[in-house]
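If you want the building blocks of each chain, they are given just below.
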Amino acid sequence: MLLCLLLTATLVQGQFTPPDPKNVTGSVDENGVCLCTVILPDNTFPVERMESLEISANKMNISVQQQITTIQSYHKTLNVYMEKIMDLSQRLEAMEGASYTELEFELLKLEIQEMEMLILQLNATMGGTNVIVHTLYEEIRNISVMVNKLQAYDKNNILLVRREIVSLRERLEECQNHQTKPTPPPSYGTCNQGGLKSVGRPHVIQLNYGGYNSRYGGWGKDSFVNTSQRSLYWVSLLESSSCFAKVIRIYPTLDDMLLYKNAIDKSPKYILQGGGMIMYNNTMYYNCYNKGEICKYDALSNVNEYKSFPNAAFNNRYSYSGVLYQDMDFSADEAGLWVIYATAQSVGDIMIGKVNSTTLAIERTWATTVYKPAVSNAFMICGVLYAMRTLNTLKEEIFYMYDTRTSQEGRLNIVIDKMKATVHSLSYNPNDHKLYMFNDGYQVTYEVAFHTDLSQNLEAAVIPELQISETTPHGI
């Protein structure tokens, strides 16, 4: 309306009362006409911008209503979670002071896992920025940690006691079912145990004092039961031909041998042949060089003796597989001194001879059916021969046994590891239940284990169809 009046005032001529000069700025021409100048803004009204503003305002109003609805829903959900957390807290407090079962733990942990999943979903819908949701998640995690600690620590020892009771009940039932009186561990030097059960891992003592070039020989301890020289060790190295030895080196203790010090070299009058020698009651027993004779050398008195061994093969006729000049292999166990050999009459099959350590007479012999050149080495334990054969460069197998007490033989399958390919000598010591092996120059020991049942000497190993009779001395 103001615009129209101003325009009318400008265009219409006639009498006109000018506006108050204090309020209107203008001029009067010579004809008395009032002239006013009015500067107007854009003469077009911004209708489109106004409509856009109204649309934006409506959308914002709708969004605000939606957020209010969502917050109300979150509020209800948070109240539910808070009630569950309070319930879990009360249950935890009750469990801390009372008995509980493992099933209760598992149910509680399942509920906590369910709540953790719901909280993670809620956190994802809110973009992970809500402080209340984050606080709830931390509380649930703390409760989960508390439950795990309660189960792990078992403050009242309820679960631990129950498990122990179950274990004791099972052991009691097993004891009632079997009702066997336990056999005490075998004592050294006796045969109060069953047959050989297993052989342990190789324990390398050292490379012999002659170095790697001295690959042939034997070593060990005094095999006499309850010997007075328990700490003594002996080593005898064969010449490069692996045929004979001239020196027996004695060490007072294991430390002396390990440090190669305080050695005492003994030189018997009769040269040793092969690696089948053994020390028994301070005396070395061996095959005399180049003869079918048994020699012995007393290391204390330096006395030398020998005795003819008729029919026994020598000079590498029936040695072990892969080993030269070990036609006679002497062994000692709880029952005394033995010799393992072969004869032309046995066509190379192993013979077992019981040796009188004083007179060197062969008191009794037994014949086996195992071919000596097919055996890598052998030893005696409680009057039972155990023969070994090579499986590969790192394994041997104790595959055969012969019990001189029952004249029965059997098959075994006891695999043992070795460090090198060739076993040059092997002997058993009844004072510590160990095997002493000279393995391509290395001095190695093995722990042996026995069956606790005295009847388990030939069980499941006897070959029933074999009936092997004893023979008289040198009767083969």
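Residues numbered from 1 in each chain as written. Predicted model: local features only at pLDDT ≥ 70, side-chain atom pairs only at ≥ 80, totals over all residues. Heavy atoms only, no water.

Considerations on the pattern of salt bridges
Any two side chains of opposite charge can pair, on the condition that their charged atoms come close.
Right, so step 1: Under the defined criterion, the tally for this structure stands at nine salt bridges.
Right, so step 2: Here Glu305 and Lys296 are joined by a salt bridge, their closest N and O atoms 3.8 Å apart.
Right, so step 3: Owing to a relative accessible area of 34%, Glu305 belongs among the partly exposed residues under this scheme.
Right, so step 4: Note that Glu396 is salt-bridged to Lys418, the shortest N-O span being 2.4 Å. Here Glu396 is found in strand S20 (residues 395–403), whereas its partner Lys418 is found in the loop between strand S21 (408–417) and strand S22 (423–429), with 22 residues between them in sequence. Lys418 carries the same exposure label as Glu396, and that label is buried.
Right, so step 5: Each of Arg201, Lys395 and Asp417 takes part in salt bridges that share partners, so that together they form one network. (Salt bridge = Lys/Arg side-chain N within 4 Å of Asp/Glu carboxyl O. Buried < 20%, exposed > 50% of the residue type's maximum accessible area, 1.4 Å probe, protein only. Helix = DSSP H or I, 4+ residues; strand = E, 2+ residues; numbered from the N terminus.)

Quick notes on the sheet that holds strand S19 (residues 384–392)
Right, so step 1: Taken in spatial order, the four strands of this open sheet run S18-S19-S20-S21, and their pairing is antiparallel. Whereas interior strands pair on both sides, the edge strands pair on one side only; in this sheet they are strand S18 (377–381) and S21. Put simply, the sheet's adjacent strands are angled 25 degrees from each other on average, direction ignored.
Right, so step 2: Pairing analysis gives eight bridges linking S19 to S20, with the strands arranged antiparallel. Paired with Tyr386 across the bridge in S20 is Met401. (Pairing = 2+ DSSP bridges. Axes fitted to C-alpha atoms, helices over the stretch in contact; angles between N-to-C directions.)

Section: the packing of aromatic side chains
Right, so step 1: Within the structure shown, the criterion is met by ten aromatic pairs.
Right, so step 2: Seen in terms of ring centroids, Phe399 and Tyr400 are 6.3 Å apart; in terms of plane orientation they differ by 45 degrees. Their pairing is tilted. Grouping residues by exposure puts Phe399 and Tyr400 together as buried.
Right, so step 3: Taken together, Trp219, Tyr233 and Tyr436 form an aromatic cluster joined through their ring pairs.
Right, so step 4: Across from the ring centre of Trp338, 5.4 Å away, lies the NZ or CZ of Lys354, which sits over that ring.
Right, so step 5: Lying across the ring of Phe399, Arg389 places its NZ or CZ 4.3 Å from the centre. (Phe/Tyr/Trp six-rings, centres within 6.5 Å; stacked < 30°, edge-to-face > 60°. Lys NZ or Arg CZ within 6 Å of the ring centre and 35° of its normal.)

Comments concerning the environment of Leu337
Right, so step 1: For Leu337, the position within the fold is in strand S15 (residues 336–341).
Right, so step 2: Those residues within four positions of Leu337 in sequence are excluded, and the remaining contacts are Ile278, Tyr280, Tyr285, Ser331, Ala332, Gly353, Lys354, Val355 and Ser357. (Contact = heavy atoms within 4.5 Å.)

Describing the state of the cysteines
Right, so step 1: This structure, assessed with the given rule, holds two disulfides.
Right, so step 2: A sulfur-sulfur separation of 2.1 Å characterises the disulfide bridge that pairs Cys191 with Cys382. Here Cys191 and Cys382 share a disulfide; its torsion about the S-S bond, -105 degrees, makes the bridge left-handed. Note that Cys191 is positioned in the loop between helix H5 (158–178) and strand S3 (196–199) and Cys382 in the loop between S18 and S19, a separation of 191 residues in sequence. (Disulfide = S-S within 2.5 Å.)

Describing the pairing of strand S6 (residues 233–237)
Right, so step 1: Extensive coverage of S6 is indicated by the burial of five of its five residues.
Right, so step 2: Side-chain alternation along S6 places Tyr233, Val235 and Leu237 on one buried face and Trp234 and Ser236 on a second face that is also buried.
Right, so step 3: Looking at chain direction, strand S5 (residues 217–221) and S6 are connected through five bridges and run antiparallel. Pairing of Gly220 across the sheet is with Trp234, part of S6.

These results come straight from atomic positions and should not be treated as a statement about function.
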